[in-house]
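# Report on the structure
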Amino acid sequence: MTTQPSVEQLSVNTIRTLSIDGVQAANSGHPGAPLGMAPMAYVLWQDFLRHNPKHHEWLGRDRFVLSPGHASMLIYSLLHLTGYDLSLEELKNFRQWGSKTPGHPEFFHTPGLDATTGPLGQGAAMSVGMALAEVHLAARYNKPDLKIFDNHTYAIVSDGDLQEGINHEVASLAGHLQLGKLIWMYDDNDVQLDTGTSKTFTDITPLRYESYGWQVLEVHDGNDLVAIKNALESARNDTRRPSLIKIKTIIGYGSPKAGTSKAHGEPLGEEGVAATKAALGWDYPPFTVPEEVAQHMDATERGAAQEAEWNTLMDKYRADYPAEAAELDAMIARKLAPDFSDTLPNFEVGSKGMATRAASGKVINAIAAKVPSLLGGSADLSGSTKTTIEASEAIQPDDYGQRNIYFGVREFGMSAIANGLSLYGGLRPMVGTFLVFADYLKPAVRLSALQMQPVIYVLTHDSIGLGEDGPTHQPIEQLAMLRSIPNTFVMRPADANETAAAWQVALERTDGPTALILTRQDLPTLPRNYSGVQKGAYVVKDAENAQIILVASGSEVALAIDTAESLAAEGTPARVVSMPCMEAFRQQDQAYKDSILTPGVKRVAIEAASPQPWYEWVGLEGAVVGMTTFGASAPAKTLFEKFGFSVANVSKVVRSVL
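Remember, it's a predicted structure, so these values are computed and weren't measured experimentally.

Time to look at the packing of helix 5 (residues 122–141) against helix 7 (residues 165–176). One way to put it is that helix 5 packs onto helix 7 with a least axis distance of 9 Å and a crossing angle of 20°. As the angle between them shows, helix 5 and helix 7 are arranged roughly parallel. Seen along the crossing, helix 5 lies across helix 7 with a hand that is left-handed. Facing helix 5, whose interface residues are Gln122, Ala125 and Val128, helix 7 presents Ile166, Val170 and Ala174. Split into classes, the residues belonging to the contact of helix 5 with helix 7 amount to five nonpolar, one polar and no charged.

See below:
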């Protein structure tokens with residue numbers, strides 16, 4: 001006599017079979033991880049996760065991140081089964097054009113996701129940012145009787161996630177900050193794409209996490225639903241330590257490829273799917289959801305009740321604390337105060353000037369009170385990047401309500417955490433380091449752009465102008481790299497007033513990141529022109545019947561002005577255009593572009609960086625005065641002269657073009 005499986009086991013196997021059916025239909029994907037992870041995911045979503053499938057944006061929900069995004073069919077199956085707007089037809093169209101089920105989970109694309117994942121390590125890192133956001137907002141806005149911020153952040157992580165260098169960065173910081181509502185479920189299956197972990201990953205993972213200050217729990221059988229539930233309860237009970245639950249699983253569980261690398265990234269094949277379903281005791285057609293499972297896993301009623309309970313709490317909060325509630329509403333909507341721009345400093349025009357990093361620091365502290373959502377810090381360079389909010393202290397385990405974050409020397413981790421802070425909702429994170437170290441944080445900038453998160457990157461010491469630190473610290477190719485990232489504004493202001501305007505543009509932008517590229521050296525201050533900066537380029541010095549247009553950004557705008565004056569004395573009228581943001585200028589209509597870069601007039605661009613991006617604006621008939629080699633160690637003035645950033649050399653280039 002065959003024993004009928006429990007509804008719990010039937011639910012786990014429904015998750016498994018939907019996942020392998022989706023991969024098989026696409027003939028592409030990763031079946032092994034969902035087969036092994038399904039029990040832990042089921043327990044978490046069924047017994048612990050607070051979420052409302054009919055209103056996923058509910059602020060009081062728990063956050064969930066599937067860090068190994070290649071296991072995407074796992075979360076798509078969960079979303080469908082629990083009641084999200086993700087039909088069975090979408091699961092059948094896994095990885096197909098126009099479907100809501102792409103190969104890796106994409107935030108804003110599929111309803112119910114909290115993050116875009118796939119680049120290993122970054123999902124786990126973003127979950128640290130989400131957990132930090134929760135304790136920060138709780139410290140600032142919760143009241144003794146009204147805990148409106150009181151959620152957990154969960155992530156499933158893989159062997160690959162734990163091997164990535166970023167994992168060490170963020171796990172160390174999470175332990176230091178005692179993020180007790182952060183829980184990672186580690187899919188410990190002994191296998192990765194190339195080989196078994198015995199050939200690559202033999203550190204004692206529990207000891208590593210204990211040394212970071214984490215609670216470590218172990219489940220020895222990844223199919224033991226009771227043990228998984230008990231571990232999650234223990235993790236939730238420790239409120240002063242983040243938790244790692246090490247769960248021993250079998251990749252490709254039930255399949256002919258179980259326990260092997262071949263289960264990772266290859267469809268099982270029709271025979272393999274049939275064999276897997278036979279091993280699971282599954283006798284249904286493809287993409288079947290048994291009725292008892294559909295009823296059991298539907299979370300819409302439970303989620304609506306959880307949100308209603310939270311809304312009642314929030315209604316009382318609005319009544320008792322209207323000012324705080326109004327501030328929170330504006331933060332969540334990413335709305336700036338109507339008079340926000342009035343707080344921006346207007347710097348005095350003159351040759352004395354200041355470094356744009358210094359101007360940026362003044363802007364941050366001028367606007368901090370008007371932009372309560374702003375917080376952040378740097379990778380151990382706050383004194384150099386000027387990213388400190390002076391009216392605040394640093395966030396520490398006994399004081400989460402502050403607005404400065406000491407990220408330590410963790411550039412990549414810092415930026416991924418910033419993505420998590422932004423994804424949580426309500427916060428506008430800024431992070432700072434030297435521009436040359438944009439190489440370390442670039443993958444996170446890319447995810448900021450892909451997820452449409454308005455993280456602000458404060459990148460200082462922007463050229464050979466930093467001087468004696470030499471070529472290891474002098475950025476050359478980084479501007480071109482950042483400008484190549486879609487949906488990213490790269491703003492290199494020419495002076496203090498452009499810096500203030502760039503900050504305004506960055507804060508008004510709500511659908512993508514902005515990189516502020518700032519100098520170490522002082523620059524003369526030009527008249528304020530917010531509209532010009534907002535449009536990406538404008539005329540700073542004009543000439544009647546100009547024969548040449550000099551286009552520059554940042555510190556080279558002053559050189560362009562000086563060169564134009566020299567050329568005018570020789571009888572060559574020149575227009576000078578400041579182009580702080582190519583991306584913004586590219587979005588303007590053709591009439592505006594032509595009013596700035598007059599058709600038919602030749603152009604020379606000047607920027608102490610790789611010249612490639614400028615050919616879009618000067619064409620093949622123009623020229624670029626840029627950097628085609630690394631820099632050197634010497635005073636900035638000497639370097640600019642030696643590398644051709646002088647009136648004499650730019651004038652020479654202009655004459656060659658004309």
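So that's the structure; there's more coming.
Moving on: the domain arrangement of the protein chain. The domains assigned to the protein chain are domain 1 (7–303), domain 2 (340–517) and domain 3 (537–657). At the junction of the two partners, domain 2 supplies 22 residues and domain 3 supplies 32 residues. Here domain 2 and domain 3 share an interface that buries about 2100 Å² over both sides, 59% of which is from carbon and sulfur atoms. Put simply, domain 2 and domain 3 have three salt bridges between them. For the interface between domain 2 and domain 3, the tally reads 13 residue pairs in polar contact (both at pLDDT 80 or more). Elements with a minimum of two residues in the side of domain 2 that touches domain 3: helix 19 (478–483) and strand 11 (489–491). The class makeup of the residues in the side of domain 2 that touches domain 3 is 11 nonpolar, six polar and five charged.

Examined against the element boundaries, Arg410 turns out to sit in the loop between strand 8 (404–406) and helix 17 (411–424). The class of Arg410 is buried, set by a relative accessible area of 19%. For the pair Arg410 and Asp511, spaced 101 residues apart in the sequence, the C-alpha separation amounts to 25 Å. Aside from chain neighbours lying at most four places away, what touches Arg410 is Glu169, Ser172, Leu173 and Ala379. There is a polar contact of 2.9 Å between the side chain of Arg410 and the side chain of Ser172.

Sheet faces and side chains relate simply in a regular strand, where the side chains alternate between the two faces. The buried count for strand 7 (residues 374–378) comes to five of five residues, which makes it a mostly enclosed element. In strand 7, alternate side chains face the same way, and those of Leu374, Gly376 and Ser378 on one face and Leu375 and Gly377 on the other are all buried. Of the pairings in the sheet, the one linking strand 7 to strand 9 (residues 428–434) comprises five bridges and is parallel in character. Paired with Gly376 across the bridge in strand 9 is Met430.

Put simply, helix 2 (residues 32–47) and helix 9 (residues 225–237) touch, their axes get as near as 9 Å, and they point 55° apart. Comparing the axis directions of helix 2 and helix 9 gives the class oblique. Note that helix 2 runs across helix 9; the crossing there is right-handed. Within the contact between the two elements, helix 2 uses Pro39, Met40, Tyr42, Val43, Leu44 and Asp47 and helix 9 uses Leu225, Ile228, Lys229 and Leu232. The residue makeup of the contact of helix 2 with helix 9, split by class, is eight nonpolar, no polar and two charged.

On to the side chain of Gln215, then. Mapped onto the fold, Gln215 is located in strand 4 (residues 215–219). Given a relative accessible area of 10%, Gln215 falls into the buried group. Separated by 2.7 Å, the side chains of Gln215 and Ser243 make a polar contact. Excluding residues that lie within four positions of it along the chain, Gln215 makes contacts with Ser234, Ala235, Asp238, Arg241, Pro242, Ser243 and Leu244.

Geometrically, a pair of aromatic rings is defined through the distance of the ring centres and the angle of the planes. Within the structure shown, the criterion is met by 16 aromatic pairs. Plain terms: the ring middles of Phe437 and Tyr440 are 5.7 Å apart, the flat faces sit at 5° to each other, and that makes the pair stacked. Site record: aromatic cluster; members linked through ring pairs are Trp184, Tyr209, Tyr212 and Trp214. One residue, Arg63, lies across the ring of Tyr424, its end atom 3.9 Å from the ring centre. Taking the ring centre of Phe489 as reference, the NZ or CZ of Arg509 above it sits at 4.1 Å.

Another aspect to go through is the side chain of Ser463. For Ser463, the position within the fold is in the loop between strand 10 (456–460) and helix 19. Within the structure, the side chain of Ser463 is placed 3.5 Å from the side chain of Asp462, a separation counted as a polar contact. At a separation of 2.9 Å, a polar atom in the side chain of Ser463 contacts the main-chain amide nitrogen of Gly465.

On to the pairing of strand 10. Burial analysis of strand 10 places five of its five residues in the buried class, the great majority of the element. Taking every second residue as pointing to the same face, both faces of strand 10 are buried, with Ile456, Val458 and Thr460 on one and Tyr457 and Leu459 on the other. Pairing analysis gives five bridges linking strand 9 to strand 10, with the strands arranged parallel. By the bridge assignment for strand 10, Val431 is matched with Tyr457.

Considering the arrangement of structural elements, one finds Asn649 in helix 27 (residues 647–657). Residue class for Asn649 comes out partly exposed when judged on its relative accessible area of 25%. Those residues in contact with Asn649, other than ones at most four positions away along the chain, are Val625 and Gly644.

For the rest of this paragraph, the subject is helix 11 (residues 269–280). Helix length check: helix 11, at 12 residues, gives a terminal C-alpha distance of 16 Å against a target of 16 Å (1.5 Å per residue), a fit within 8%. Every buried residue of helix 11 is listed here: Gly272, Val273, Thr276, Lys277 and Leu280. Buried residues of helix 11, seen end-on, are gathered within an arc of 130° and therefore sit on one face of the element. Exposed residues pointing more than 90 degrees away from the buried face of helix 11 are listed as Glu270, Glu271, Ala278 and Ala279. Against helix 1 (7–26) and helix 2 lie the buried residues of helix 11. After helix 11 finishes, the residue Gly281 shows a positive phi value of roughly 70°.

The subject of this paragraph is the pattern of salt bridges. Inspection of the entire model under this criterion finds 24 salt bridges. The closest approach of N and O atoms between Lys181 and Glu134, which form a salt bridge, is 3.1 Å. Of this pair, Lys181 sits in the loop between helix 7 and strand 3 (182–188) while Glu134 is found in helix 5, placing the two residues 47 residues apart along the sequence. A relative accessible area of 21% places Lys181 in the partly exposed class. With its nearest N and O atoms 2.8 Å apart, the salt bridge here joins Glu607 to Arg483. Taken as a pair, Glu607 in the loop between strand 17 (602–606) and helix 25 (615–618) and Arg483 in helix 19 lie far apart in primary sequence, 124 residues in all.

So, on to the UniProt feature "site: Important for catalytic activity" (unreviewed entry) in the protein chain. According to UniProt, the feature "site: Important for catalytic activity" (unreviewed entry) maps to His30 and His264 in the numbering used here. The named residues occupy 235 residues along the chain; their greatest pairwise C-alpha distance, 5.5 Å, places them in one compact cluster. With respect to the helices and strands, His30 occurs in the loop between helix 1 and helix 2. Each residue touching His30, except ones within four places of it in the same chain, is listed here: Val23, His70, Arg95, His264 and Gly265. Within the local environment of His30, its side chain forms a polar contact with the backbone oxygen of His70, the two atoms lying 3.5 Å apart. Of note, His264 is situated in helix 10 (residues 262–265).

Thresholds, definitions, all that
- Sequence order as written defines the numbering, with residues in each chain counted from 1.
- This being a predicted model, a pLDDT of at least 70 is required before a residue's local features are given, and a value of 80 or more before pairs of side-chain atoms are given or counted; all residues contribute to the totals for chains, interfaces and linings.
- Processing note: side-chain calculations cover all non-hydrogen atoms of the structure and skip hydrogens and water entirely.
- To get an axis, fit a line to the C-alpha atoms, keeping to the stretch in contact for a helix; angles then go from 0 to 180 degrees between the N-to-C directions.
- Numbering of helices and strands runs from the N terminus, with a helix taken as a DSSP run of H or I at least four residues long and a strand as a DSSP run of E at least two residues long.
- Angle categories are assigned with fixed cut-offs, so that under 35 degrees is roughly parallel, over 145 is roughly antiparallel, 65 to 115 is roughly perpendicular, and the rest are oblique.
- Each helix crossing is assigned a hand: it is left-handed if the near helix lies turned anticlockwise from the far helix by less than a right angle, otherwise right-handed if that turn is clockwise.
- Contacts: residue pairs with any heavy atoms within 4.5 Å of one another.
- Polar here means any residue other than Ala, Val, Leu, Ile, Met, Phe, Trp, Tyr, Cys and Pro, which are nonpolar, and Asp, Glu, Lys and Arg, which are charged; Gly is therefore polar.
- Residue ranges labeled as domains rest on an automatic or database domain assignment.
- The buried area of a pairing is the accessible area, by a 1.4 Å probe, that goes missing from both parts when the two are put together, added over both.
- Criterion for a salt bridge: a side-chain nitrogen of Lys or Arg within 4 Å of a carboxyl oxygen of Asp or Glu.
- Two N or O atoms count as a polar contact when they lie within 3.5 Å, although within protein this holds only if one can serve as hydrogen donor and the other as acceptor, and sequence-adjacent residues are included solely when both atoms are side-chain atoms.
- Burial classification: accessible surface area is computed with a 1.4 Å probe over protein chains only, and a residue below 20% of its type maximum counts as buried, one above 50% as exposed, and the rest as partly exposed.
- For two strands to be treated as a pair, DSSP must find at least two bridges joining them.
- Under the pairing criterion, centres of Phe, Tyr and Trp rings, with the six-membered ring standing for Trp, must be within 6.5 Å; the plane angle then separates stacked pairs below 30 degrees from edge-to-face pairs above 60, leaving the rest tilted.
- Criterion for a charge above a ring: Lys NZ or Arg CZ within 6 Å of the ring centre, and within 35 degrees of the ring normal.
- Each residue after the first adds 1.5 Å to the expected span of a helix.
- Of all possible arcs, the one meant is that of the directions from the helix axis to the C-beta atoms.
- UniProt positions are given in the numbering used here, feature names are shortened, and annotations may be inferred rather than shown by experiment.

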